[in-house]
Amino acid sequence: MSTAASPVPLSHPPSQQARPTSPSRSPRGLLPRWACAVLAACLALAVFAAGPHTPKADTSSITGDQDLAKQVIDLLPDDYQARGVHVSVITADGARHAGIGTAASGQQYTSTTPMEIGSITKTFSGQLLADAIARGEVKASDPLSTHLPELAGTPAGEATLEEIASHRSGLPSFPSQDMGRLLRAQILGLNPFTDSIDQLIDSARTTELGERGEFAYSNLGISLLGEALARAAGADSWSSYITERLFTPLGMERTTLTIGQEDIPDGAIHGVQANGRRGQSLSGPGSSPAGAGVWSTPEDMTHYAQAVLTGTAPGGDSPQEPRWPAEVMDGIKLPGEKIGYTWYTDVVDGHTIINHGGTTMEYMTHLAIDKESGKAVMIYTDQNNDGTASALAAALLTDGQKISAAHAPLSAEMLPQIMILGIFTILALVIGLYTAARAASVPSRMAAVCRAASLIACLMAAAASGPWAYLPGWILAVAASPGMYGVVRGIALWTQLPALPRRRAWLGWMQVGLSAAFVGACLVVAWPKA
């Protein structure tokens, strides 16, 4: 008898059992790698094209005296890097004005355009000191505490008015306890002169002084000098004092002192910093005697220069007498080796020139006067590292040669910007290299967005930080190149990526938080302040 065998399902070892397959993405994505590389190169070129570039003056845009404008254009260096310049050549009988270039706002530079004059204002303070001495209101040897009793018993209070006016008081340029705020202002493009005069006096009580009798340029000192003169005259404020004693007698009707950004006069032209961006204009009542927030027109400065030329300015000729040694800046032809009451004196090609310059967040200016020839020159340039202002003034006074340097030499004040630029550029390169190396294995769309946002924000901060007048813009494009490849590769894989990580989602959300904080920090640096 036989039995029929029924089929029995065969069992397989667990290791051989069929497993469900999971979808996998192609490492090629939507585009091959070579196409991603080409697109990344195009994006890097776009970063270079849209990135930081120092402006160049449009020499076809001219106002005023055409012959003077042509003379100035011939003297400017070939790589001149400001957007515009205004020049006044002044004699006792009249003036020739010429504006070259067009501002970012589309305005032209004319003899009635309000522009910041910066530390040229210090010569106003020097003239008014001599005037106050002549009136018997103060003595050159008066300690500062004689007129600012709040400083009695402090080293700052012992400095004499004469020492302060010649930058030999030992007072620093800024209160020593405010250096952190000054650093932030330099990095972020903020106005550092926000203190009231009462706050400056309070800071001066505890600030650290240098060696008395040695030259050390001091914005703080001149600010305190201005307040001392105003109090000695019984004036309500520095503003009312200088208006009554200087602006009104000389017919400087369009010269204004600003307390805040909202006080900037109508029609004013704004310049740029060394990074090519506009910073906040200087303003603040406490530092006004030193040049913070002082706007004037070329016509008003003509009135002032003519009064100095003819000896009719308040204080006469005595403030300009070169009495003490001054510090000479490397690479700058003026201001000079001697100083009087804020006025510098130098001898250039046989011409004795009294002068003073000004630097703000937006301008570099210079007023130079050759009293023997009866001629003065006032220069406004709308970039705050433009090294041509003093050289151009000297060349126009002495029939000098074409200027070789297009910007001022690198100074210690530039170091924070260079350091911040280096940090953000290196970070952009590191983020970019990581993004490119991990592009094929990015775990989610969330991660791809975080990497791209961090890279772009870092590039924005680097573009906003650097003194690009001194550095080539291609540095930023090179730093961006690896990251651009990673971004393009991530976009090519976008449709195959999950929205969130499949595993350890908490790490993805932590990455979002860290990226958001990093992007926020970058935007604080990159966001325009004006």
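Keep in mind it's a predicted model, so treat the numbers as computed, not measured. (Residues numbered from 1 in each chain as written. Predicted model: local features only at pLDDT ≥ 70, side-chain atom pairs only at ≥ 80, totals over all residues. Heavy atoms only, no water.)

Notes on the overall build of the protein chain
Part 1: When you go through the protein chain residue by residue, the secondary structure sums to 16 helices and 12 strands.
Part 2: Counting only residues that meet the buried cut, the protein chain has 53% of its 530 residues in that class.
Part 3: Taking all contacts inside the protein chain whose residues are at least 6 apart in sequence as the whole, residues at least 24 apart take part in 72%.
Part 4: For the protein chain, the accessible surface area stands at approximately 23,400 Å², while carbon and sulfur atoms represent 58% of it. (Helix = DSSP H or I, 4+ residues; strand = E, 2+ residues; numbered from the N terminus. Buried < 20%, exposed > 50% of the residue type's maximum accessible area, 1.4 Å probe, protein only. Contact = heavy atoms within 4.5 Å. Areas by Shrake-Rupley, 256 points an atom, 1.4 Å probe, with all protein chains shown as cover.)

Let's talk about a nonpolar patch on the surface
Part 1: A cluster of nonpolar side chains, W506, L507, M510 and L514, forms an exposed patch at the surface whose accessible area comes to about 440 Å².
Part 2: Take L514: it is sitting in helix α16 (residues 505–526).
Part 3: Residue classification places L514 among the exposed residues on the basis of a relative accessible area of 59%. (Patch = residues over 30% accessible without salt bridge, like charges linked within 9 Å, V, L, I, M, F, W, Y side chains within 5 Å. Salt bridge = Lys/Arg side-chain N within 4 Å of Asp/Glu carboxyl O.)

Some details on the packing of helix α13 (residues 415–437) against helix α15 (residues 474–492)
Part 1: Relative orientation of the contacting elements α13 and α15 amounts to 25°, with a least axis distance of 7 Å. By the angle between their axes, α13 is roughly parallel relative to α15. Every pair of crossing elements has a handedness; the one defined by α13 and α15 is left-handed. Between α13 and α15, the contacting residues are T425, A428, L429, G432, L433, T435 and A436 on the first element and I475, V478, A479, P482, G483, Y485, G486 and V487 on the second.
Part 2: Residue composition of the contact of α13 with α15, grouped by class: 10 nonpolar, 5 polar and no charged. (Axes fitted to C-alpha atoms, helices over the stretch in contact; angles between N-to-C directions. Parallel < 35°, antiparallel > 145°, perpendicular 65-115°, else oblique. Left-handed = near helix turned anticlockwise from the far one by under 90°. Nonpolar A, V, L, I, M, F, W, Y, C, P; charged D, E, K, R; others polar.)

Focus on unusual backbone geometry
Part 1: Of note in the backbone geometry, H167 takes a positive phi value of approximately 60° without being a glycine.
Part 2: Assignment of secondary structure puts H167 in the loop between α6 (161–165) and α7 (179–188).
Part 3: Given a relative accessible area of 1%, H167 falls into the buried group.
Part 4: At T342, a position not held by glycine, the phi torsion is positive, near 75°.
Part 5: Among the structural elements, T342 can be located in the loop between β8 (338–339) and β9 (344–348).

Some points on helix α2 (residues 66–75)
Part 1: All of the buried residues in α2 are L68, A69, V72 and L75. Each buried residue of α2 lies within a common arc of 125° when the element is viewed along its axis, so the set occupies one face. Facing away from the buried side of α2, by more than 90 degrees, are the exposed residues D67 and K70.
Part 2: Lining the buried residues of α2 we find β1 (62–64), β2 (84–91), β3 (94–101) and α12 (388–398).
Part 3: Looking at where α2 begins, the residue whose side-chain oxygen comes 3.0 Å from the main-chain nitrogen of D67 is D65. (Arc of directions from axis to C-beta. Polar contact = N/O pair within 3.5 Å; in protein donor to acceptor, adjacent residues only side chain to side chain.)

Observations regarding the nonpolar core
Part 1: With 64 residues, the main nonpolar core has F124, L224, M301, Y304 and L367 as its most contacted residues.
Part 2: Contributions of two or more residues to this core are made by α3 (121–135), α6, α8 (197–206), α9 (219–232), α10 (238–250), α11 (298–310), β11 (364–370) and β12 (375–381).
Part 3: The residues touching M301, leaving out its near neighbours within four places in the chain, are I90, I117, I120, F124, M252, S296, L367, M378 and Y380.
Part 4: Grouped together as the second largest cluster of nonpolar side chains are 28 residues, C36, L421, C458 and V487 included. (Core = buried A, V, L, I, M, F, W, Y, C linked by side-chain atoms within 4.5 Å.)

Comments concerning the pairing of β12
Part 1: Where burial is concerned, most of β12 is hidden: 6 out of the 7 residues are buried.
Part 2: Judged from the 6 bridges that link them, β2 and β12 form a sheet pairing that is antiparallel. The residue bridging V85 from the neighbouring strand is T381, located in β12.
Part 3: Across 7 bridges, the pairing between β11 and β12 is antiparallel. (Pairing = 2+ DSSP bridges.)

Structural notes on the sheet that holds β8
Part 1: In space, the 9 strands of this open sheet follow the order β1-β3-β2-β12-β11-β10-β9-β8-β7, with antiparallel pairing throughout. Looking at the sheet topology across the chains shown, the edges are occupied by β1 and β7 (324–325).
Part 2: Strand contacts of α2: β1, β2 and β3, with the helix running at about 55° to β3, the strand carrying the most contacts.

Observations concerning the packing of aromatic side chains
Part 1: A complete count under the given rule lists 7 aromatic pairs for this structure.
Part 2: Both rings, one in W238 and one in Y241, keep their centres 5.8 Å apart while their planes meet at 45°; by these two values the pair is tilted. One end of the pair, W238, and the other, Y241, are both in helix α10, 3 residues apart, so they sit about a helical turn from each other.
Part 3: Since its relative accessible area comes to 2%, Y241 is described here as buried.
Part 4: Ring centres of W324 and Y341 lie 6.3 Å apart, and the angle between their planes is 20°; this geometry places the pair in the stacked category. Residue W324 is located in strand β7, and its partner Y341 is located in the loop between β8 and β9; the two are separated by 17 residues in the primary sequence. Taken as a pair, W324 and Y341 share a single burial class, namely buried.
Part 5: Cluster of aromatic residues (ring-pair linked, three or more members): F124, F247, Y304 and W343.
Part 6: Positioned above the aromatic ring of Y341, the side-chain terminus of R323 is 4.4 Å from the ring centre. (Phe/Tyr/Trp six-rings, centres within 6.5 Å; stacked < 30°, edge-to-face > 60°. Lys NZ or Arg CZ within 6 Å of the ring centre and 35° of its normal.)

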